[in-house]
Amino acid sequence: MGWTYGKSVNATANSQQQQTSSNKTTMQTHPPQRLFANPVINRPPIVFIVALVATSLAVTAFAAENPGRICPYEKNPRYWQFKGQPVLLVGGSKDDSLFQIPDLKSHLDAMKAVGGNYIRNTMSDRKDHDFEVYPFKQLPDGKYDLEQWNDEYWRRFETMLKWTAERDIIVQIEVWDRFDYSTKNWPPHPYNPKNNINYSHEQSGLAAEYPDHPGQNKQPFFFTTPKQRNNTVVFKYQQRFVDKLLSYSLKHDHVLYCMDNETSGEEAWGAYWAEFIKQRARQAGKQVCVTEMWDDWDLKADRHKRTFDHPERYDFCDVSQNNQKKGQEHWDNFQWVRQYTAKQPRPLNTVKTYGADTGRYGNNRDGVERLWRHLIGGAAAVRFHRPDSGLGLSAPAIASIKAARKLESLIRLWDVEPANHLLNERENNEAYLAAKAGQAYALYFTDGGAVGLDLKAVTGTFDVRWIDLNTGEWGKREPIQGGSTVTITAPAKGHWVAALTTRRAE
């Protein structure tokens, strides 16, 4: 059993009211924010309250049965808790199959030193780098035996789990990556019939080449499970591989599981492996959290609902593909997901934040903006994607990670909610706000600027601490007074975050 309860959610969600005007627009007439904007979810209130109570009880039960494990935070299941305490996951690393890199220990140390505590680990074994190895034993004639393991591959995996556990770094494992089994990566792969002694092309139904982009979903490797094509020849080796993976990972409390990397495959494929992993965990007397990552860039696409609508199967959602979007649309789509999943809230992770001057998916500015829109917008976990498509653990990434920890030292993000309705005189994509009204406000400026913050219903003095996201260092400190709409002006152009907290008596 996962931490969620009941049947799948099929609520029809409406978009949040969007602040999309390109001109400065006064928002003082905006109605008071409801708990959730979705009219379906808000009617009738008693049903919604019962659902929240049931979710809270289920999360509490999960935490009680799994003391110390990574699991949804019992007081706010949109976030994670680890070792019994709420935790914000922030990371950036230079590779995806991180367990394979030769300088792993120093890289983890560098990440930990700047406040990183979240990595992506695909179980990939491509030959992009000469240091990567396959999980299966290679025989003297060059072929592989899928019945025998390559001990070096698994030693590396075990070591990564050990070292990340020692540093309290959460590992999100991706069990299958479609890119490993198509284009240039398939011809040398051990699962390719021409490279192993265990089955032929005719027996397995697998061809020697799959030159098309894996998004075409033409690779029969991803159709083997019992409710698909029931390819028992290949499937038994896939299951054997996952069992081997779990023999190491289930020993640890700091592991999350994602079935695939940005898949466009059949629902039955990921569903099988999600249930398989949870069943194996139960047999070991443990509970784990699993998800699937879909390829669609639009989070409103039906394919994403395979995860959103099944909290009984998927304990969290990875919505990394939202990072193909930019600006206000990026924020709005993420907020739509928060509303859609509001009846049974779960952590929303973004393990891949695209955007770097060296890549195809935007520049450095896009990468920083995307990470911070998700942070302020309520994501439980954010990570810069590896170069060249992301900032990795480069200087701009380090600055943002350090800045996130500074913000967290003043405002616990699990205590606030997205609150753009409190802003006025705001241009499109200018600034984003999370708040606990009257107590704490986290305000992110994408490139300087000024906005009005509605503090009319709040009395007292607030302490404003600025954080420069370009350096990760503290900026100026200033007081502001409640009781009116106050103009907040960033110290300069560039990325800035302001933390507004109630001033305590000296």
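Up top you'll find the structure we're talking about.
The sections below set out a description of the structure shown in this document. (Residues numbered from 1 in each chain as written. Predicted model: local features only at pLDDT ≥ 70, side-chain atom pairs only at ≥ 80, totals over all residues. Heavy atoms only, no water.)

Let's talk about the packing of aromatic side chains
Working step 1: Within the structure shown, the criterion is met by 43 aromatic pairs.
Working step 2: Lying over the aromatic face of Phe223, Arg229 brings its terminal NZ or CZ to 4.1 Å of the ring centre. (Phe/Tyr/Trp six-rings, centres within 6.5 Å; stacked < 30°, edge-to-face > 60°. Lys NZ or Arg CZ within 6 Å of the ring centre and 35° of its normal.)

Quick word on unusual backbone geometry
Working step 1: Looking along the chain, the bond that leaves Pro387 and enters Asp388 is cis, with omega of 10°.
Working step 2: On the secondary structure map, Asp388 appears in the loop between strand S13 (381–384) and helix H10 (395–410).
Working step 3: Within the chain, Asp168 stands out as a residue other than glycine whose phi angle is a positive 55°.
Working step 4: Along the chain, the position of Asp168 falls in the loop between helix H3 (151–166) and strand S8 (170–177).
Working step 5: By relative accessible area, which is 28% here, Asp168 ends up partly exposed.
Working step 6: With a phi close to 55°, Asn217 is a non-glycine residue in the positive phi region.
Working step 7: Note that Asn217 resides in the loop between helix H4 (201–204) and helix H5 (232–249). (Helix = DSSP H or I, 4+ residues; strand = E, 2+ residues; numbered from the N terminus. Buried < 20%, exposed > 50% of the residue type's maximum accessible area, 1.4 Å probe, protein only.)

Topic: the layout of surface pockets
Working step 1: One number sums up the size of the second largest pocket: a volume of about 700 Å³.
Working step 2: Together, 33 residues line the second largest pocket, and Asp96, Arg126, Phe179, His385 and Arg386 are the ones closest to its centre. (1 Å grid on protein atoms, 1.4 Å probe; cavity = no way out; pocket = protein on both sides within 12 Å on 5 of 7 lines; lining within 4 Å. Points joined across faces, edges and corners; volume = space filled by probe spheres on them.)

Let's talk about helix H6 (residues 267–283)
Working step 1: Across its 17 residues, H6 extends 24 Å between first and last C-alpha, which sits within 8% of the 24 Å expected from 1.5 Å per residue.
Working step 2: Residues of H6 that are buried include every one of Trp269, Gly270, Ala271, Trp273, Ala274, Phe276, Ile277, Lys278 and Ala281, and no others.
Working step 3: Just downstream of H6, Gly285 is the residue with a positive phi angle, here 75°. (Expected span 1.5 Å × (residues − 1).)

Concerning the sheet that holds S13
Working step 1: Across the sheet, four strands lie side by side as S4-S13-S12-S11; this open sheet has parallel pairing. Looking at strand neighbours, the two that pair on one side only are strand S4 (89–92) and strand S11 (317–318), the edges of this open sheet.
Working step 2: Relative to S13, S4 runs parallel, the two sharing four bridges. Its bridge partner being in S13, Gly91 is matched across the sheet by Arg383.
Working step 3: Sheet strands touched by helix H9 (residues 364–377): strand S12 (348–353) and S13. Its angle to S13, the strand with the most contacts, is close to 175°. (Pairing = 2+ DSSP bridges. Contact = heavy atoms within 4.5 Å. Axes fitted to C-alpha atoms, helices over the stretch in contact; angles between N-to-C directions.)

Let's talk about the packing of H5 against H6
Working step 1: Interaxial distance between H5 and H6 falls to 11 Å at its minimum, and their mutual angle equals 45°. Between H5 and H6, the angle falls in the class oblique. When you trace H5 past H6, the crossing you get is right-handed. Note on element contacts: H6 touches H5 through Trp269, Tyr272, Trp273, Phe276, Ile277 and Arg280, opposite Phe235, Gln238, Gln239, Val242, Asp243 and Leu246. (Parallel < 35°, antiparallel > 145°, perpendicular 65-115°, else oblique. Left-handed = near helix turned anticlockwise from the far one by under 90°.)

All we've got here are geometric facts, nothing functional implied.
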